[in-house]
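The chain contents come next:
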There are 2 protein chains.
Amino acid sequence: MAPRAKDNQEGRALLTLRERILGGVLPGGTRLFEVPLAEEMRISRTPLRAAMSRLAEEGLLERARGGGFLVRAFTVADVIDAIELRGVLEGTAARLAAERGVPEARLAEMRALLETLEGCFGAGRAVAFERYAGLNGAFHDALQHLPGSEIIARELQRTKTLPFASPSAFLPDEAAHAAFEHSLFYAQAQHRALVEAISAREGARAEAIAREHARLARRNLDHLIRTKAPGAPISPALALVID
Amino acid sequence: MAPRAKDNQEGRALLTLRERILGGVLPGGTRLFEVPLAEEMRISRTPLRAAMSRLAEEGLLERARGGGFLVRAFTVADVIDAIELRGVLEGTAARLAAERGVPEARLAEMRALLETLEGCFGAGRAVAFERYAGLNGAFHDALQHLPGSEIIARELQRTKTLPFASPSAFLPDEAAHAAFEHSLFYAQAQHRALVEAISAREGARAEAIAREHARLARRNLDHLIRTKAPGAPISPALALVID
DNA sequence: CTCCGCCTGAATGTATACATTACCGCCCCC
DNA sequence: GGGGGCGGTAATGTATACATTCAGGCGGAG
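Residues numbered from 1 in each chain as written. Chains lettered and ligands numbered in written order. Predicted model: local features only at pLDDT ≥ 70, side-chain atom pairs only at ≥ 80, totals over all residues. Heavy atoms only, no water.

Brief notes about the overall build of chain A
Consideration 1: Check the secondary structure of chain A and you find ten helices and three strands.
Consideration 2: Counting from the amino terminus, chain A carries its helices and strands in the arrangement α-β-α-α-β-β-α-α-α-α-α-α-α.
Consideration 3: The proportion of buried residues among the 243 residues of chain A is 47%.
Consideration 4: For chain A, restricting intrachain contacts to residue pairs at least 6 apart in sequence, the fraction spanning at least 24 positions comes to 72%.
Consideration 5: When the accessible area of chain A is evaluated, it comes to approximately 11,300 Å², of which 56% is carbon and sulfur surface. (Helix = DSSP H or I, 4+ residues; strand = E, 2+ residues; numbered from the N terminus. Buried < 20%, exposed > 50% of the residue type's maximum accessible area, 1.4 Å probe, protein only. Contact = heavy atoms within 4.5 Å. Areas by Shrake-Rupley, 256 points an atom, 1.4 Å probe, with all protein chains shown as cover.)

Structural data, given as structure tokens:
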């Protein structure tokens, strides 16, 4: 019937472009010209255009007036709004899950994730940060995919994959680690409270906790902006990791 | 440099497909085969695929596993969630606008829109419904595009253009008009209160009003489901109009 | 000197032929 | 009788040539 191989030309172009955009090789506002890109990747313009179209769907590119694609540019204000939006959507997902009920097995999975997250606080600082970020992402994924709302999960997915900057290029340095460490304890406490609220079917409380959780990320971002040297690249991704 | 004409093949395919999907000619789950569609439209597969890709971006189509596109199918639960989501996003937009401040000129425009909306209540019933729906849409557009959050406006736009069904195919009948009429007065009162709250920079109040506004739509949808004959087509669009 | 118009180049839009692959039914073997 | 492999077929993936259109420069005329 039809191919679904992921090692096709479109897939390769998709990965290459996404990597370059997230890696900062292609700054926001850059126009992507089909011919040179296709020649460089040794593919034809057809799968390249398909890949660009999918990246537009993801929100990494935007269509230029008159045709063609631009790398989407984000401002600090956009990042702040995205954090706000994420808090609102996660809050809604948590509230709906609480109101509509969640199977005990799913809640048990999330509690297990929280146990593992606790383990990060005993280990060495740098290593713990890496582990924490990964497990934290897993927890939020689980929260997003709680049963109760496909539609909201979809929007949340879009918001979480917004192409702010390269996560790896902006990992927090040691000083940032120290500054944010205390916030991690608070964040973890919020994680626990969130699961408890959903478990107790207290929707309003679950929503409030998720929002406060996002406010923590917002505060960390503000701190990062204040303490970074003026003109230094801000890490939007960092704010979304340390939440 | 590049063409920007909108009467190109892709544009025609886009309009044709969107019309058929929203018109219910292509029910949810229908697979769109490129070759027959392209032949019927007398265009080649290339612009047709581009059009389908854009429709996937809009949320009207989804990519099938193994390639190709399906018309996205929505359940009643999806519509309920979409109403919920819309209330949440409009609430957030209203809150942020209130917190961050809105130029008086913009508020004046919205107040003028409200004045016009009031006019619908004096006229004949059927005519007023049509006018009300249009003006109501304009009001919500204005709300969406209040300064303060591009990111949230974007998500809101996606939510509002979700392809539930043909609006025209499901316009409420006379009985529905009567049943919903009283809710319009309440809705209009909420519109006024919303603008006042934003004007007074009371963010929390603005958000609460927007949410309650969505709850009204939800209640109308529930009523519609209960009173319609079982098996009769439900109008998701109606619920989004009469809010 | 200025302005209008053509002309050329560069970029995307489109058509079409060909390649690839997933699905489905058939057949063989167990 | 059932399951697994195998091929045909239909649909999408890809390449390439050509069409279209816009922008900008260049030249000629007023």
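So much for the structure itself; the text now carries on.
Topic: the sheet that holds strand β3 (residues 69–71) of chain B
Residue and element names in this part refer to chain B.
Consideration 1: What the three strands build is an open sheet, ordered β1-β3-β2; its pairing is antiparallel. A strand with exactly one partner marks an edge of an open sheet, and here the two such strands are β1 (31–32) and β2 (61–63).
Consideration 2: In the sheet, β1 pairs with β3 via two bridges, with the strands oriented antiparallel. Considered in β3, the bridge of Leu32 is made with Phe69. (Pairing = 2+ DSSP bridges.)

Thoughts on the interface of chain B and chain A
Consideration 1: Taken residue by residue, the interface counts 37 residues in chain B and 37 residues in chain A.
Consideration 2: Of the roughly 3,200 Å² buried between chain B and chain A on both sides combined, carbon and sulfur atoms contribute 46%.
Consideration 3: In this assembly, chain B and chain A are joined by ten salt bridges.
Consideration 4: A salt bridge links A:Glu84 to B:Arg95, with the shortest nitrogen-to-oxygen separation between them at 2.7 Å.
Consideration 5: Where chain B touches chain A, the interface holds eleven residue pairs in polar contact (both at pLDDT 80 or more).
Consideration 6: Every element with two or more residues in the side of chain B that touches chain A is listed here: α3 (45–58), α4 (76–100), α7 (150–160) and α9 (203–227) of chain B. (Buried area = accessible area lost by both parts, 1.4 Å probe. Salt bridge = Lys/Arg side-chain N within 4 Å of Asp/Glu carboxyl O. Polar contact = N/O pair within 3.5 Å; in protein donor to acceptor, adjacent residues only side chain to side chain.)

Overview of the pattern of salt bridges
Residue and element names in this part refer to chain A.
Consideration 1: Applying the stated criterion across every chain yields a total of 41 salt bridges over all chains.
Consideration 2: Glu207 is the partner of Arg95 in a salt bridge, and the nearest nitrogen-oxygen pair spans 2.7 Å. Linking Arg95 in helix α4 (residues 76–100) with Glu207 in helix α9 (residues 203–227), this pair joins segments that are 112 residues apart in sequence. Glu207 carries the same exposure label as Arg95, and that label is buried.
Consideration 3: One salt bridge in this structure joins Glu207 and Arg211, with 3.7 Å as the shortest N-O distance. Placement of both Glu207 and Arg211 in helix α9 is noted, with a separation of four residues, approximately one turn of the helix. Comparing Glu207 with Arg211, the two get one shared label, buried.

Section: the relation of the copies chain B and chain A
Consideration 1: Aligned on chain A, chain B shows an RMSD of 0.1 Å; the corresponding rotation is 180° and the shift along the axis is 0.0 Å. Taken together, the rotation and translation relating the two chain copies correspond to the operation of a two-fold axis. Closest approach to the rotation axis within chain B is made by the C-alpha atom of B:Glu57, at a distance of 2.5 Å.
Consideration 2: Interface residue correspondence from chain B to chain A reaches 100%, placing this contact among same-surface, isologous pairings. (Least-squares fit on C-alpha atoms with pLDDT ≥ 70 in both.)

Describing the confidence of the model for chain A
Residue and element names in this part refer to chain A.
Consideration 1: Summarising the model, chain A shows a mean pLDDT of 83, and 80% of its residues fall at 70 or more.
Consideration 2: Predicted confidence for residues 165–171 stays below pLDDT 50, and this span has twelve contacts to residues more than four positions away or in other chains.
Consideration 3: Note on residues 234–241: pLDDT is under 50 here. Beyond four places in sequence and across chains, it has 24 contacts.
Consideration 4: Both scores are available for the predicted complex, with the pTM at 0.86 and the ipTM at 0.84. (pLDDT = per-residue confidence, 0-100.)

Remarks on the UniProt feature "domain: HTH gntR-type" (unreviewed entry) in chain A
Consideration 1: When the UniProt feature table is mapped onto this chain, "domain: HTH gntR-type" (unreviewed entry) is found at residues 7–74 of chain A.
Consideration 2: Secondary structure content for residues 7–74 of chain A is 53% helix and 12% strand, and the end C-alpha separation is 30 Å. (UniProt positions renumbered as here; feature names shortened; annotations may be inferred.)

Digging into the sheet that holds strand β1 (residues 31–32) of chain A
Residue and element names in this part refer to chain A.
Consideration 1: The three strands lie next to each other as β1-β3-β2, forming an open sheet whose pairing is antiparallel. The sheet is open, and its two edges are formed by β1 and β2 (61–63), each paired on a single side.
Consideration 2: Across three bridges, the pairing between β2 and strand β3 (residues 69–71) is antiparallel. Within β3, the position partnered with Glu62 by the bridge is Leu70.

Re the packing of α4(B) against α7(B)
The axes of two packed helices give the description: the angle between them and the distance between them.
Residues and elements named next belong to chain B.
Consideration 1: Contact pair α4 / α7: the axes reach a minimum separation of 10 Å and the direction vectors enclose 155°. Regarding the angle of α4 to α7, the classification is roughly antiparallel. For the element pair α4 and α7, the recorded crossing hand is left-handed. Residues Ala82, Leu85, Arg86, Leu89, Glu90, Thr92, Ala93 and Leu96 of α4 lie in contact with α7, whose contacting residues are Ile152, Glu155, Leu156, Thr159 and Lys160.
Consideration 2: Residues of the contact of α4 with α7, tallied by class, amount to seven nonpolar, two polar and four charged. (Axes fitted to C-alpha atoms, helices over the stretch in contact; angles between N-to-C directions. Parallel < 35°, antiparallel > 145°, perpendicular 65-115°, else oblique. Left-handed = near helix turned anticlockwise from the far one by under 90°. Nonpolar A, V, L, I, M, F, W, Y, C, P; charged D, E, K, R; others polar.)

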